[in-house]
Amino acid sequence: KELDLRRCGLTVSELAAVQDAYPDALIRGEISIYGMELTTDMEEIDLSGIKMKSTEEIEAAVKLMPNLEKITFEPQMVSGLSALSNMANLVELDLTGCRFASEELANLIRNLKGKVTIILTTHYMEEAEALSDRIGIMKDGNILAVGTIEELKEKAGTTDFESAFLSVVKEGVV
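Reading the values: rules and limits
Each chain carries its own residue numbering, running from 1 in the written order of its sequence. For this predicted model, a pLDDT threshold of at least 70 governs which residues receive local features, and a threshold of 80 or more governs which side-chain atom pairs are given and counted, while totals over whole chains, interfaces and linings are taken from all residues. Hydrogens are left out, water is left out, and the side-chain values use all remaining heavy atoms of the structure. Residue-level confidence of the predictor is what pLDDT reports, using numbers from 0 through 100. A run of DSSP states H or I qualifies as a helix once it reaches four residues; a run of E qualifies as a strand once it reaches two. Both are numbered from the N-terminal end. For every residue, the accessible area obtained with a 1.4 Å probe (protein chains only) is divided by the maximum for its type, and the residue is called buried under 20%, exposed over 50%, and partly exposed between those limits. We define a salt bridge as a contact between a side-chain nitrogen of Lys or Arg and a carboxyl oxygen of Asp or Glu at a distance within 4 Å. Angles here are taken between N-to-C directions and fall from 0 to 180 degrees, while the axes themselves are lines fitted to C-alpha atoms, restricted in helices to the stretch in contact. Note on angle classes: values under 35 degrees are labelled roughly parallel, values over 145 roughly antiparallel, values of 65 to 115 roughly perpendicular, and the remainder oblique. What makes a crossing left-handed is the near helix being turned counterclockwise from the far one by less than a right angle; a clockwise turn instead makes it right-handed. Working rule for contacts: check all heavy atoms of both residues, and any pair within 4.5 Å makes them a contact. Classes in brief: Ala, Val, Leu, Ile, Met, Phe, Trp, Tyr, Cys and Pro nonpolar; Asp, Glu, Lys and Arg charged; the others, Gly included, polar. Note on patches: the residues involved have over 30% relative accessible area and no salt bridge, like charges join within 9 Å, and the nonpolar side chains Val, Leu, Ile, Met, Phe, Trp and Tyr join within 5 Å. Only the protein chains shown count as cover for residues, and the accessible areas themselves come from Shrake-Rupley with a 1.4 Å probe. Each polar contact in these results corresponds to two N or O atoms within 3.5 Å; when the atoms are within protein, one needs to be able to donate a hydrogen and the other to accept it, and residues that are neighboring in sequence are counted only if both atoms are side-chain atoms.

## Topic: the confidence of the model for the protein
Detailed reading of the predicted model is not advised wherever pLDDT is low. Of the residues in the protein, 78% reach a pLDDT of 70 or more, and the chain-wide mean stands at 77. Confidence scores differ between elements of the protein, with helix H3 (residues 78-84) showing the lowest mean pLDDT of 60 and helix H6 (residues 149-156) the highest of 92.

Pasting the structure below:
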């Protein structure tokens, strides 16, 4: 059974109430949150740049999105990541503009390992080494090498990750 509630102007809580009343139905609806227009059939959402006071409204909206596979966050949205990460299979975190992830964010990433795939983008080797199971090294938009820290060190013939990184980027060791 499908209920098409698009263009009905329902709030998130009203759509959630419909979902509760018809748990086996596919609810199609539109949601406007923080200036973003979402639909219940979306497969990915990008929350970058959203200034949230609380994650409750987004959490309620995401629960209405059965096809959601990917959520993109900014690092300062730790509370949003914590609340929403179990609702998608893939979480993207872009830390390129940050010096390091906060301890709170680093702990959250560690706690999510094995539960959700996290793509972490960073320019800091220490951060990549501390938080990643597998690392992809890119240069000029091309992936040069992918592997665990140990695999990358072994391929490069080095004993530390920073030297392995430099070998891959400068000498093309793969």
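## Section: unusual backbone geometry
Phi at aspartate 140 is positive, roughly 50 degrees, even though this residue is not glycine. Mapping aspartate 140 onto the fold places it in the loop between strand S9 (135-139) and strand S10 (142-147). For aspartate 140, a relative accessible area of 72% translates into the label exposed.

## Here we look at the pattern of salt bridges
For the coordinates displayed, the defined rule picks out two salt bridges. Lysine 113 is the salt-bridge partner of aspartate 133, the closest N and O atoms lying 3.2 Å from each other. Of this pair, aspartate 133 sits in the loop between helix H5 (125-131) and S9 while lysine 113 sits in the loop between helix H4 (103-112) and strand S8 (117-121), and the two are 20 residues apart along the sequence. Accessibility expressed as a relative area gives 32% for lysine 113, which makes it partly exposed. With a closest N to O distance of 3.0 Å, lysine 153 and glutamate 150 form a salt bridge. Note that lysine 153 and glutamate 150 are positioned in helix H6 at a spacing of three residues, about one turn of the helix.

## Comments concerning the packing of H6 against helix H7 (residues 161-171)
Two elements in contact, H6 and H7, have axes whose closest approach is 9 Å; the angle formed by their N-to-C orientations is 60 degrees. Classed by the angle they form, the pair H6 and H7 counts as oblique. Between H6 and H7 lies a crossing of left-handed hand. In contact with Ile149, Leu152, Lys153 and Ala156 of H6, H7 contributes Phe161, Ala164 and Ser167. Residue classes in the contact of H6 with H7 are distributed as five nonpolar, one polar and one charged.

## Structural notes on a nonpolar patch on the surface
Residues Met138, Ile143 and Val146 make up a contiguous nonpolar surface patch of about 290 Å² in total accessible area. For valine 146, the location among the structural elements is in strand S10. Judged by its relative accessible area of 36%, valine 146 falls in the partly exposed class.

## A closer look at the side chain of threonine 158
Of note, threonine 158 is situated in the loop between H6 and H7. Under the relative-accessibility criterion, threonine 158 is labelled buried at 18%. Among the polar contacts made by the side chain of threonine 158, one reaches the main-chain carbonyl oxygen of aspartate 160 at a distance of 3.2 Å. Here alanine 164 takes part through its backbone nitrogen, which lies 3.4 Å from a polar atom of the side chain of threonine 158. Apart from the residues lying within four places of it in its own chain, the contact partners of threonine 158 are Lys153, Ser163, Ala164 and Ser167.

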